[in-house]
Amino acid sequence: MSTVTCIAPVNIAVIKYWGKRDETLILPANDSISASLDTDQLCAKTTVMASPNFKEDQIWLNGQKEDIRNPRLQNCLAECIMLFLVRKRAGNVTQIGQWKVHICSENNFPTAAGLASSAAGYACLIASLANLYEIKGDISSIARVGSGSACRSVLGGFVKWSMGSLSDGTDSIAKQIAPPTHWPEMRVLILVVNDAKKKFPSSVGMKRTMETSDLLKHRIKHVVPERVNKMERAIMEKDFKTFAEHTMKDSNQMHAVCLDSYPPFTYMNEISHVLVDLVHLYNEAVNDTKVAYTFDAGPNATLYLLEENTPEFMGVLDYFFPPLEDTLVEYKKGLPIEAAKPSKSLLNKINAKQQSPGRFKYIIYTQIGDGPKVLEDSKNHLLNKEGLPI
Ligand code: DP6
């Protein structure tokens, strides 16, 4: 029997992946760039166990038994076994490649938060399997076949996923642009909105955009290539203003191509748009670009900002989006966060409408972090000796 447990980060793109050039291999229509977030605040944790006693492969996600026949999952498992066998061909093939596996995975944040849990989940699964089967070298291309954005979560810091040009996808891999220590002042605020709308799956949305949007063609050909270069440079030079402007413009364009799809669809809601207005009004009031928003396939906002600017912006956020009194204890999660009371003159300059309390369920304050880690201590395993969830 062999057991491995790993944790892996959530990543939030600043240049979005939206559209596939190959649906089966999950090859993107453009390059994308993201940052991996600190696993202390948000992470997936996965245990994989291989044993000659197991009768069949099995998987449990967040306490629920799931269908192991999920094609994306099967592709990931097949790829890992294949790499294992290729590596072992030269030497003695150990039995482990023939053993069935049990997989148990959970997130340390509520799935209801609508965060990109599949990215962290698949990255964590692949990091665990790679360790189990002793797969060396790039693992981003294996994570990619689970979920596109997952390939960026196998690395820490700022990460670029190159779309590649080969039809077999072997050059569509993620690479680190800079480690988390490169820009230690960078902070991230995740604002989880109160919203009951059913999620429209990103893979379905992406396909529709790819098939029907003319604006996406323009984006892929004329916008993203240059923007990716500018973003990489902004990260290397720690130029927050450029980083922030392109982050916001790219999020806006991703949501614009969703509206340009036919039939159109939306992910942002009214609260998302009020927040967008507030960020722009705040940046104008301080005559600088201190905060950037970005939205994925849902209404929750992720804000990028520097540590030194967090207290002031937090004060502004608390003023315009007051939390409900009875949620105060649970409202601010993650790193400790101080809100500075905004001055009257700042509030007057912003001149936005104060929202009714409770527009956000909670907020998470975090930073840029490392890639997946193996947890050596067996106390961390999510499966017991019989291979069942603990
Ligand atoms: C909006 O990776 O969830 O988060 O490859 O179909 O699994 P599939 O899609 P997924 O797409 C998420 C896209 C996004 C933007 C991004 O992370 O770049």
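Quick caveat: nothing in here was measured; it's all calculated off a predicted structure.

**So, the site of the ligand**
In the vicinity of the ligand lie 17 residues, with Tyr17, Arg72, Ser147, Ser149 and Arg152 positioned nearest. Interatomic distance of 2.6 Å between a side-chain N/O atom of Arg72 and an oxygen atom of the ligand. In this structure, Ser147 approaches the ligand through a side-chain N or O atom, which is 2.7 Å from an oxygen atom. Notes on the ligand: free accessible area 460 Å², of which the protein chains cover 94%. A per-element tally of the shell around the ligand places helix α4 (residues 202-212) first, with three residues. Split into classes, the residues belonging to the shell around the ligand amount to seven nonpolar, five polar and five charged.

**Here's the deal with the packing of helix α5 (residues 214-237) against helix α6 (residues 240-259)**
Viewed as axis vectors pointing N to C, α5 and α6 meet at an angle of 160°, and their least axial separation amounts to 10 Å. As judged from the angle between their axes, α5 and α6 are roughly antiparallel. The chirality of how α5 crosses α6 is left-handed. Where α5 abuts α6, its residues Leu215, Leu216, Arg219, Val223, Arg227, Lys230, Met231, Ala234 and Ile235 lie against Thr242, Phe243, His246, Thr247, Lys249, Asp250, Gln253, Ala256 and Val257. Grouping the amino acids of the contact of α5 with α6 by side-chain chemistry returns nine nonpolar, four polar and five charged.

**Thoughts on the pattern of salt bridges**
A complete count under the given rule lists 15 salt bridges for this structure. Here Arg227 makes a salt bridge to Asp250, at a shortest N to O gap of 2.9 Å. Placement of the pair is Arg227 in helix α5 and Asp250 in helix α6, with a sequence separation of 23 residues. Between Lys290 and Glu312 there is a salt bridge; the shortest N-O distance is 3.8 Å. With a gap of 22 residues between them, Lys290 in the loop between α7 (270-285) and β13 (291-295) and Glu312 in helix α8 (residues 310-320) connect regions that are remote in the sequence. On the accessibility criterion, Lys290 (16% relative accessible area) is buried. Taking relative accessible area as the criterion, Glu312 reaches 29% and is therefore assigned partly exposed. Overlapping salt bridges bring together Arg219, Arg227 and Asp250 as one network.

**Some remarks on the nonpolar core**
Membership of the largest hydrophobic core comes to 100 residues, with the highest contact counts inside it found for Phe158, Phe243, Leu275 and Tyr304. Here this core takes 11 residues from helix α2 (residues 117-132), the largest share from any one element. Excluding anything up to four places from it in sequence, Leu275 contacts Leu191, Phe295, Ala301, Leu303, Leu317, Phe321 and Phe360. Trp18, Cys151, Phe265 and Tyr267 belong to the second largest nonpolar core, which has 15 residues in total.

**Re the packing of aromatic side chains**
Across all of its chains, the model carries 16 aromatic pairs by this definition. Aromatic side chains Trp183 and Phe240 sit 6.5 Å apart centroid to centroid with 80° between the ring planes, which places their arrangement in the edge-to-face category. Highlighted residues: Trp183 in the loop between β11 (174-178) and β12 (186-193) and Phe240 in helix α6, separated in sequence by 57 residues. Among the aromatic residues, those joined into a cluster by ring pairs are Phe158, Trp183, Phe240, Phe243 and Tyr304.

**With respect to the side chain of Ser128**
Mapped onto the elements, Ser128 comes out in helix α2. If near-sequence neighbours (up to four positions away) are discounted, Ser128 is found in contact with Val4, Cys6, Thr46 and Val48.

Rules and cut-offs
- Residues numbered from 1 in each chain as written.
- Predicted model: local features only at pLDDT ≥ 70, side-chain atom pairs only at ≥ 80, totals over all residues.
- Heavy atoms only, no water.
- Near = heavy atom within 4 Å.
- Polar contact = N/O pair within 3.5 Å; in protein donor to acceptor, adjacent residues only side chain to side chain.
- Areas by Shrake-Rupley, 256 points an atom, 1.4 Å probe, with all protein chains shown as cover.
- Helix = DSSP H or I, 4+ residues; strand = E, 2+ residues; numbered from the N terminus.
- Nonpolar A, V, L, I, M, F, W, Y, C, P; charged D, E, K, R; others polar.
- Axes fitted to C-alpha atoms, helices over the stretch in contact; angles between N-to-C directions.
- Parallel < 35°, antiparallel > 145°, perpendicular 65-115°, else oblique.
- Left-handed = near helix turned anticlockwise from the far one by under 90°.
- Contact = heavy atoms within 4.5 Å.
- Salt bridge = Lys/Arg side-chain N within 4 Å of Asp/Glu carboxyl O.
- Buried < 20%, exposed > 50% of the residue type's maximum accessible area, 1.4 Å probe, protein only.
- Core = buried A, V, L, I, M, F, W, Y, C linked by side-chain atoms within 4.5 Å.
- Phe/Tyr/Trp six-rings, centres within 6.5 Å; stacked < 30°, edge-to-face > 60°.

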